[in-house]
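Structural description and commentary
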Amino acid sequence: MKKMIHLILALIILCGCSSGNFTIDELKPGNQNTHALPLTAAYENGFYFVSEDYSSLYYAENCEQTVFINDLVYNDDHPVSEKSHYEKYTDSVMPSAIYVNGGSIYYISHYMNVEGDSSFRMYAMSADGRKRKEIMDFPYQPGQFILHKNRILCVEYSETDGYVIHVYDEQKKELNAVKENGPVYHLFADGNYIYYETQDVNTLKYRICRYDIDLNKAETAVEIDTGALCFESGGKIAYEELSQPFLIDTDPMDITVTSRIVESETMKTLFMVEDERIDYFDEESVYTSSIKESRMVYRIYDWDGGLKKTIVPSDTITGESLYYEGWVQQDYSGMIHIVNGKIIARSSQPEHYIACETESGMCRVIHE
């Protein structure tokens, strides 16, 4: 009888650690981060974020109290707070993305052992950080990735094929390999589509594309000379377009940035603003961040362009702060998430996150 119990327990443990089939739920637009960095994912009443040195995972509960979840660097089967000496192997998170899907946190890590072997793996960590399971490994170095509606998309750079978007199902079977001749950025999921941005190396034009999950094929949704995908929800695409390329010797103040929201099927412009980035929108409002003001300004508009609210974080947060996204040095980042009526943003120097109430305009530091 004891042997039977031990056998059952062993099978349970093996099943719990298996990297077999798993369920991929649907991501919601508001839970994703369209900025390349930092690594964050909204979940329930707060958001997860990875520390700036990519060593640890935290959860900002109710966007107020910060809770340590777990370390993301593993040395010889033990999580450690920073990269250090190891006897057998080290395994650390890559700066690509994190997602919360089906109650688990997904990320990709880089494994290296003392024999010189190297591989890249996707892990699922429980919401409380107590369990971690390997989902799949990749025969290439992955870049951006996303999980959505029974699909995994992962970008590879190949010297022979350029940029390849590999598409897998829940059984980790590769269904498609979409080839682009330029870099692929900003994977973003909504409904039956996974959006991404790419630049053609021949024409230098930018395209916002969408991968149809049902048809297993990609198509161009928007083509612009110079610009970027900002957000998407309900068939409406927010993107920004530059009046001229942003080169090393270009004065950013000479560039006009036009941000607009268009209906993806008709390309009809639904909202437009200049020199602000559209970070988010819902049925009632459009949320933007300034890009040419040293003191970050968040603005909330109605769909007719009427200004409903202006929020300046430095009006209610004391102390110096610095964040640099490419235009001018600003004190805080653009909006990373909006969670329960709170705008989430961050500073790099010193490293901390802030939450700004959309109703009162009050901002405060929630992690440093």
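Residues numbered from 1 in each chain as written. Predicted model: local features only at pLDDT ≥ 70, side-chain atom pairs only at ≥ 80, totals over all residues. Heavy atoms only, no water.

**Remarks on the overall build of the protein**
- Scanning the protein for helices and strands turns up one helix and 33 strands.
- Computed over C-alpha atoms, the radius of gyration of the protein comes to 21 Å, within 12% of the 21 Å expected from 2.2 N^0.38 for 368 residues, which places it in the range of a compact globule.
- Overall, the protein is about 75 × 45 × 40 Å in size when its C-alpha atoms are taken along their principal axes.
- In the protein, buried positions account for 54% of the 368 residues.
- Of the roughly 17,600 Å² of accessible surface on the protein, a fraction of 48% belongs to carbon and sulfur atoms.
- Charged side chains of the protein number 31 positive and 59 negative; the gap between the two group centres comes to 7 Å. (Helix = DSSP H or I, 4+ residues; strand = E, 2+ residues; numbered from the N terminus. Rg over C-alpha atoms; globule rule 2.2 N^0.38 Å. Buried < 20%, exposed > 50% of the residue type's maximum accessible area, 1.4 Å probe, protein only. Areas by Shrake-Rupley, 256 points an atom, 1.4 Å probe, with all protein chains shown as cover. Lys, Arg positive; Asp, Glu negative; His and termini not counted. Charge placed at Lys NZ, Arg CZ, Asp CG, Glu CD.)

**Some thoughts on the pairing of strand β11 (residues 132–138)**
- Here strand β10 (residues 118–126) pairs with β11 via six bridges, running antiparallel. By the bridge assignment, Met122 is partnered in β11 with Met136.
- A loop of five residues connects β10 with β11, the two strands running antiparallel in sequence, and Gly129 in this loop sits at a positive phi of about 80°. (Pairing = 2+ DSSP bridges.)

**Points about the environment of Lys308**
- Within the secondary structure, Lys308 is located in strand β27 (residues 307–311).
- Between the alpha carbons of Lys308 and Val286 there is a distance of 9.6 Å; along the sequence they are 22 residues apart.
- For Lys308, the residues in contact, after removing those within four places along its chain, are Glu284, Ser285, Ile300, Tyr301 and Asp302.
- Side-chain polar atoms of Lys308 contact the side chain of Ser285, separated by 2.6 Å. (Contact = heavy atoms within 4.5 Å. Polar contact = N/O pair within 3.5 Å; in protein donor to acceptor, adjacent residues only side chain to side chain.)

**Structural notes on empty space enclosed by the protein**
- As enumerated under the stated definition, the model contains one cavity of 30 Å³ or more in all.
- By volume, the largest cavity amounts to about 90 Å³.
- Every residue along the wall of the largest cavity is listed here: Pro29, Gly30, Gln32, Thr34, His35, Phe231, Asp279, Tyr280, Met335, Ile336, His337 and Ile338.
- Looking at the lining of the largest cavity, the elements that each hand over two or more residues are β24 (276–281) and β30 (337–339).
- Residues of the lining of the largest cavity, tallied by class, amount to six nonpolar, five polar and one charged. (1 Å grid on protein atoms, 1.4 Å probe; cavity = no way out; pocket = protein on both sides within 12 Å on 5 of 7 lines; lining within 4 Å. Points joined across faces, edges and corners; volume = space filled by probe spheres on them. Nonpolar A, V, L, I, M, F, W, Y, C, P; charged D, E, K, R; others polar.)

**Focus: unusual backbone geometry**
- Here Gln349 and Pro350 are connected by a cis peptide whose omega angle stands at -5°.
- Phi at Cys63 is positive, roughly 55°, even though this residue is not glycine.
- Summarising the element assignment, Cys63 is placed in the loop between β3 (56–61) and β4 (65–71).
- The residue Asp76 is not glycine, and still its phi comes out positive at about 55°.
- In this structure, Asp76 sits in the loop between β5 (73–75) and β6 (78–80).
- Look at Asp76 and you get buried, because its relative accessible area is 17%.

**Comments concerning the sheet that holds strand β14 (residues 162–168)**
- Taken in spatial order, the four strands line up as β12-β13-β14-β15 in an open sheet, and their pairing is antiparallel. The sheet is open, and its two edges are formed by β12 (142–148) and β15 (174–180), each paired on a single side. Averaged over all pairs of adjacent strands, the angle between their axes in this sheet comes to 20°, without regard to strand direction. (Axes fitted to C-alpha atoms, helices over the stretch in contact; angles between N-to-C directions.)

**Side note on the confidence of the model for the protein**
- Confidence along the protein averages 90 in pLDDT terms, with 93% of residues attaining 70 or more.
- Confidence drops under pLDDT 50 across residues 1–19; counting only partners more than four residues distant or on other chains, this segment forms seven contacts. (pLDDT = per-residue confidence, 0-100.)

**Looking at the side chain of His35**
- Here His35 shows up in the loop between α1 (2–16) and β1 (40–43).
- Accessibility expressed as a relative area gives 9% for His35, which makes it buried.
- Here the side chain of His35 touches Asp279 through a polar contact of 3.5 Å, side chain to side chain.

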